[in-house]
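So you can see what is in the structure, the chains are spelled out below.
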Amino acid sequence: MCNLYSITTNQAAISALFRVVNRYVGNLAPMPGVFPDYTAPIVRTGVGGRELATARWGMPSSSKALMDATKKRAEKLQAKGKEVDFKELLRMEPDGGTTNIRNVKSKHWTRWLGVENRCVVPFNSFSEFNKAEGGDIWFALDETRPLLCFAGIWTNWTSVRKVKEGETSNDLYAFLTTEANAEVFAIHPKAMPVILTTSDEVETWMMAPAEEALKLQRPLPDGTLKIVARGVKEDAAPATTEVRGWGHL
């Protein structure tokens with residue numbers, strides 16, 4: 001499960017690479033460590049064309065997950081002799097969100113697989129955790145950490161993200177995962193993010209019918225990724241600002 005990545009390329013380069021028409025972000029500071037529920041840049045299709053926006057990392061969790069969590073909370077309160085309004089408890093159940101999406105056939109996710117809810121998530125490197133290998137292990141295309149993107153989905157959702165915030169409405173996003181390729185498998189055998197590396201792949205993900213777009217839910221070829229850092233919570237190494245012409249790896 002990828003729960004940490006970096007995006008340090010400037011927004012001008014992001015906009016150029018992903019053909020952004022509108023920008024709805026202020027000064028986009030480098031983010032050497034993006035953690036769950038952080039606000040980070042995404043590129044999505046808006047009414048006026050492709051746009052660069054920011055959203056919180058973590059799509060709404062399934063109703064079953066929230067129901068199970070609420071039942072546990074209710075049981076604890078009842079054990080203390082407190083009265084429980086279960087409906088209200090469920091409405092206010094904190095949901096930090098789901099960051100990685102694997103089962104795209106689930107009814108919970110199929111509602112957001114149309115082009116209007118697809119996005120790409122720019123990144124320069126991502127981390128998988130393996131204690132035996134030194135903790136956070138950072139992967140990138142190479143040491144220069146060129147700009148890539150995850151295949152993601154987004155939505156606007158009203159929920160309780162954190163108890164102290166109460167109920168809020170937010171743009172949320174997450175990205176797809178798939179089987180691990182050789183490099184990631186050695187560190188985290190369960191999965192790796194779905195990574196797009198060519199302009200054709202980006203256009204397919206953003207514009208094609210879901211059946212075609214979901215064919216991109218596959219690992220990168222073995223030998224594509226390099227380990228660029230170990231044992232740190234942030235990958236602060238400067239990324240290349242050059243916008244390369246993408247080609248097939």
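Not measured: the values here are computed from a predicted model.

Digging into the overall build of the protein
Right, so step 1: Each helix and strand counted, the protein has seven helices and 14 strands in total.
Right, so step 2: In summary, the protein has a C-alpha radius of gyration of 19 Å against a globular reference of 18 Å for 249 residues, a match within 12%.
Right, so step 3: Each principal axis of the C-alpha distribution contributes one length, and for the protein these read about 65 × 50 × 35 Å.
Right, so step 4: In the protein, buried positions account for 51% of the 249 residues.
Right, so step 5: Residue pairs in contact within the protein that sit at least 24 positions apart in sequence constitute 72% of those at least 6 positions apart.
Right, so step 6: Taken as a whole, the protein presents about 12,000 Å² of accessible surface, with 54% of it coming from carbon and sulfur.

With respect to the environment of E165
Right, so step 1: Within the secondary structure layout, E165 lies in the loop between β10 (148–160) and β11 (167–178).
Right, so step 2: When the C-alpha positions of E165 and W112 are compared, they lie 25 Å apart, and in sequence the two are 53 residues distant.
Right, so step 3: Within the local environment of E165, its side chain forms a polar contact with the side chain of R56, the two groups lying 3.2 Å apart.

Quick word on the side chain of T70
Right, so step 1: Along the chain, T70 falls in helix α2 (residues 63–79).
Right, so step 2: Ignoring any residue separated from it by four or fewer positions in sequence, one finds T70 in contact with F86, L89, L90 and E93.

Some details on the pattern of salt bridges
Right, so step 1: A full pass over the atoms with the stated rule returns 18 salt bridges.
Right, so step 2: Where D37 meets R56, a salt bridge forms, and the shortest distance between an N and an O atom there is 2.8 Å. Of this pair, D37 sits in the loop between β3 (31–34) and β4 (39–46) while R56 sits in strand β5 (residues 49–57), and the two are 19 residues apart along the sequence.
Right, so step 3: R56 gets classed as buried once you look at its relative accessible area, which sits at 11%.
Right, so step 4: Sharing partners across several salt bridges, the network here consists of D37, R56, R161, K162 and E165.

A look at the layout of surface pockets
Right, so step 1: Within this model, the largest pocket holds a volume of roughly 250 Å³.
Right, so step 2: If you go around the largest pocket, you meet 17 residues; those closest to its centre are S61, S63, L66, L90 and W157.
Right, so step 3: Counting only elements with at least two residues in the lining of the largest pocket, the list comes to α2, α3 (86–91) and β10.
Right, so step 4: It is β10 that contributes the most residues to the lining of the largest pocket, four residues altogether.
Right, so step 5: For the lining of the largest pocket, the per-class residue count stands at six nonpolar, six polar and five charged.

Quick word on the sheet that holds strand β9 (residues 135–140)
Right, so step 1: Here five strands make up an open sheet; going across it, the order is β3-β1-β8-β9-β14 and the pairing antiparallel. Each edge of the open sheet is held by one strand with a lone partner, namely β3 and β14 (226–230). The average undirected angle you get between the axes of adjacent strands in this sheet is 30°.
Right, so step 2: Pairing of strand β8 (residues 125–130) with β9, which is carried by five bridges, proceeds in the antiparallel orientation. Pairing of F129 across the sheet is with D136, part of β9.

Re the nonpolar core
One recurring pattern in soluble globular proteins: nonpolar side chains tend to sit buried together.
Right, so step 1: Within the largest apolar cluster, 57 residues are counted, with the highest numbers of intra-cluster contacts made by Y5, F18, V120, F126, Y173 and W205.
Right, so step 2: Counting residues per element, this core draws most heavily on β10, at six residues.
Right, so step 3: Ranked by size, the runner-up nonpolar core spans five residues in total, among them L4, W138, A140 and V228.

Things to note about the state of the cysteines
Right, so step 1: Under the criterion given, the structure shown has zero disulfides.
Right, so step 2: Looking at C2, it has no disulfide partner, and the nearest cysteine sulfur is the one in C149, 13 Å off.
Right, so step 3: Just so you know, C149 is unpaired, no disulfide at all, and the nearest cysteine sulfur is the one on C119, 9.4 Å from it.

Let's talk about the packing of aromatic side chains
When we look at a pair of aromatic rings, we describe it by the centre distance and by the angle of the planes.
Right, so step 1: On inspection of all chains with the given rule, the structure shows 13 aromatic pairs.
Right, so step 2: Consider the rings of Y5 and F150, whose centres lie 5.5 Å apart with planes at 85°: the pair is edge-to-face. In this pair, Y5 is assigned in strand β1 (residues 5–7) and F150 in strand β10, connecting sequence segments 145 residues apart.
Right, so step 3: One aromatic cluster in this structure is built from Y5, W57, F123, F126, F139, F150, Y173 and F175.
Right, so step 4: In this arrangement the basic side chain of R44 is found over the ring face of W154, its NZ or CZ atom lying 4.2 Å from the centre.
Right, so step 5: Lying over the aromatic face of W205, R118 brings its terminal NZ or CZ to 5.5 Å of the ring centre.

Conventions we followed
Residues numbered from 1 in each chain as written. Predicted model: local features only at pLDDT ≥ 70, side-chain atom pairs only at ≥ 80, totals over all residues. Heavy atoms only, no water. Helix = DSSP H or I, 4+ residues; strand = E, 2+ residues; numbered from the N terminus. Rg over C-alpha atoms; globule rule 2.2 N^0.38 Å. Buried < 20%, exposed > 50% of the residue type's maximum accessible area, 1.4 Å probe, protein only. Contact = heavy atoms within 4.5 Å. Areas by Shrake-Rupley, 256 points an atom, 1.4 Å probe, with all protein chains shown as cover. Polar contact = N/O pair within 3.5 Å; in protein donor to acceptor, adjacent residues only side chain to side chain. Salt bridge = Lys/Arg side-chain N within 4 Å of Asp/Glu carboxyl O. 1 Å grid on protein atoms, 1.4 Å probe; cavity = no way out; pocket = protein on both sides within 12 Å on 5 of 7 lines; lining within 4 Å. Points joined across faces, edges and corners; volume = space filled by probe spheres on them. Nonpolar A, V, L, I, M, F, W, Y, C, P; charged D, E, K, R; others polar. Pairing = 2+ DSSP bridges. Axes fitted to C-alpha atoms, helices over the stretch in contact; angles between N-to-C directions. Core = buried A, V, L, I, M, F, W, Y, C linked by side-chain atoms within 4.5 Å. Disulfide = S-S within 2.5 Å. Phe/Tyr/Trp six-rings, centres within 6.5 Å; stacked < 30°, edge-to-face > 60°. Lys NZ or Arg CZ within 6 Å of the ring centre and 35° of its normal.

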